[in-house]
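# Structural features, examined
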Amino acid sequence: MKNKNFIYKGLAVAFLTGLSFTNMGCSDSYLDDVQNSGSFNTDLYFQNEQQSFSALVSVYDLLRKYSGGFENSVTFFNAGSDDFYSGGGNSNDGAGIQGLNNYMINPNTMPASYWRDYYQGIARANLLIERVPGANMGDDIKKRYIAEAKVLRSLYYFELLRMFGNIPLILKSVKFDDNYWNIPQANPSDVYSQIESDINTAIPDLMMVSSGNDKGRITQGTARAILGKIYLYDKKMPQAAAQFAEVNGTPGGTSQYGYKLVANYADLFKVGPELSDPYKFSTESILEVMHTNKGNSDWGFWGQGKDEGNSINVMVGPRSYSLKDIPNNNAPDIYSGWAFNTVTENFVTFMQGDPRLDVTVFNAKKLVADGKITYSPAFADTGYFLNKYLPTNALKSSLPGPAELNFRQNYIAIRLADTYLMEAEALGGAGARAQALLDAVRSRVGLSSVPVSLQAIKDERRRELAGEGHRWFDLVRWGDAPSKLAFKGFKANKNEILPIPFNELPNTVLKQNPGY
């Protein structure tokens, strides 16, 4: 049989590098017919449900771009916001994250993985969508696998759209003889139309809810939340509000998909026992990225898609952290980290009096003054660190592999409080339902009602979702970035999108984004 070769360069990439997936079980298997990183014989694969499922798992793997590897998007986009600095060891610690922090980022310092990784996920989805129809398996399972792949492909295109704006739209496998370098960038409106249509057609073929070994998979509720978010960014407010209403149900209650705000805000960021963690896949979780220490992540493949640990944890921990040997020292026992995403004084001031402050911000400055801890101040040190993902020694992995690469805290990419506030925004920040949605988020943490408005919703999103990777995109979407980020050097009509990594451009028809 003839091999179908896939070129590894952004738009045309290797199909599989390894398999793993949430609670559906981790697989250490590789495709038997993978000959090298650029060649894969698709004629020998997608023959049955097991092979098709393994391929679907590989499409899900790219969700870990949010929170895995040094170039995870959460710490990267936190650094670009007004709530955090880049931090790190020094001003040269990670050219990409430092460049976004001070808006000196350029095509050479823009991490290529933000383009390459999402297109890898798209390539995997395209191949699955093409080949699963011919597999020996039930039609309903085929439809579900294809529907899940279409939603994930749409999500990956959405991330590329809001990062780069001008991107190629590729809906089929790109092979060695397809002249992929001649694929032009599409009009962003055409990409939005395609991914919105794909999710709408996929929803009926998805599970209503997930449970047991299916936890973490795309359901109808997940797809509607992703679609609502896409509509919001596409400025289709009525459509966005309608999708979010399906997801959210009665504010403060339990929706048709089983979603409900957790009672204790702090529980969203807790990590429980390794074998049975009650905090993972809570009723508030809509799209959750699974992390585990069972993959034994190591430096040799860290950040390459095969590692399964949460990298935010070690990145945000203070450097050289140590507890003082004093009686009754109740300071947290933190695993020393790399000091990225130090919190701005402006954010701490903004959060005064809010019950979520201590959950969000770790006040190392106060503990030093109290004589309870020591740490080594690094770049852009403020004495404040992101508490939601702080690594602790109690959670340090005992399995093989460096402990710093194997923290197992999940990352919730979309949660119910987020969709509540997005629906309120889509409703124009006015009306009884928008008020009820805002009230439900505030009531959960014991805050009284405030009159609903777009500004009130903006402020609530800043408080509720701080450090979870959303603030930069919110500011850009609202048109507030030029004023809020001027102190960092943000330039209007340029920095709303990022430069396309330089290596993606030579010998292609791709054009660099304006201003870069």
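Values in this document were obtained by computation on a predicted structure and should not be read as measured data. (Residues numbered from 1 in each chain as written. Predicted model: local features only at pLDDT ≥ 70, side-chain atom pairs only at ≥ 80, totals over all residues. Heavy atoms only, no water.)

With that settled, consider unusual backbone geometry. A positive phi angle, near 50°, is found at Asn-296, a position not held by glycine. In this structure, Asn-296 sits in the loop between β4 (285–289) and α9 (311–316). Given a relative accessible area of 29%, Asn-296 falls into the partly exposed group. Notably, Ala-380 is not glycine yet its phi reads approximately 55°, a positive angle. (Helix = DSSP H or I, 4+ residues; strand = E, 2+ residues; numbered from the N terminus. Buried < 20%, exposed > 50% of the residue type's maximum accessible area, 1.4 Å probe, protein only.)

Next up on the list: helix α7 (residues 220–233). Helix length check: α7 (14 residues) gives 20 Å between terminal C-alpha atoms against 20 Å at 1.5 Å per residue, within 8%. Of all 14 residues in α7, 14 are buried, a share of seventy percent or more. Among the residues trailing α7, Lys-235 stands out with phi positive, at a value near 60°. (Expected span 1.5 Å × (residues − 1).)

Our focus in this paragraph is the confidence of the model for the chain. Overall, the prediction assigns the chain a mean pLDDT of 91, with 91% of residues at 70 or greater. Of all secondary-structure elements in the chain, the lowest mean pLDDT belongs to strand β1 (residues 4–5), at 28, while helix α13 (residues 416–426) reaches the highest, 99. In the predicted structure, residues 1–39 sits below a pLDDT of 50 and forms 114 contacts with residues beyond four places in sequence or in another chain. (pLDDT = per-residue confidence, 0-100. Contact = heavy atoms within 4.5 Å.)

This brings us to the pattern of salt bridges. All told, the structure shown has 35 salt bridges when counted by the stated rule. Residues Glu-464 and Arg-356 are paired through a salt bridge, measuring 2.8 Å at the closest nitrogen-oxygen approach. Of this pair, Glu-464 sits in helix α15 (residues 454–464) while Arg-356 sits in the loop between α10 (345–350) and α11 (357–360); the two residues are 108 residues apart in sequence, bridging distant segments of the chain. The partner of Glu-468 in a salt bridge is Lys-388, and the shortest N-O contact between them spans 2.7 Å. Here Lys-388 lies in the loop between β8 (384–386) and β9 (411–415) and Glu-468 lies in the loop between α15 and α16 (471–478), a separation of 80 residues in the sequence. Judged by its relative accessible area of 1%, Glu-468 falls in the buried class. (Salt bridge = Lys/Arg side-chain N within 4 Å of Asp/Glu carboxyl O.)

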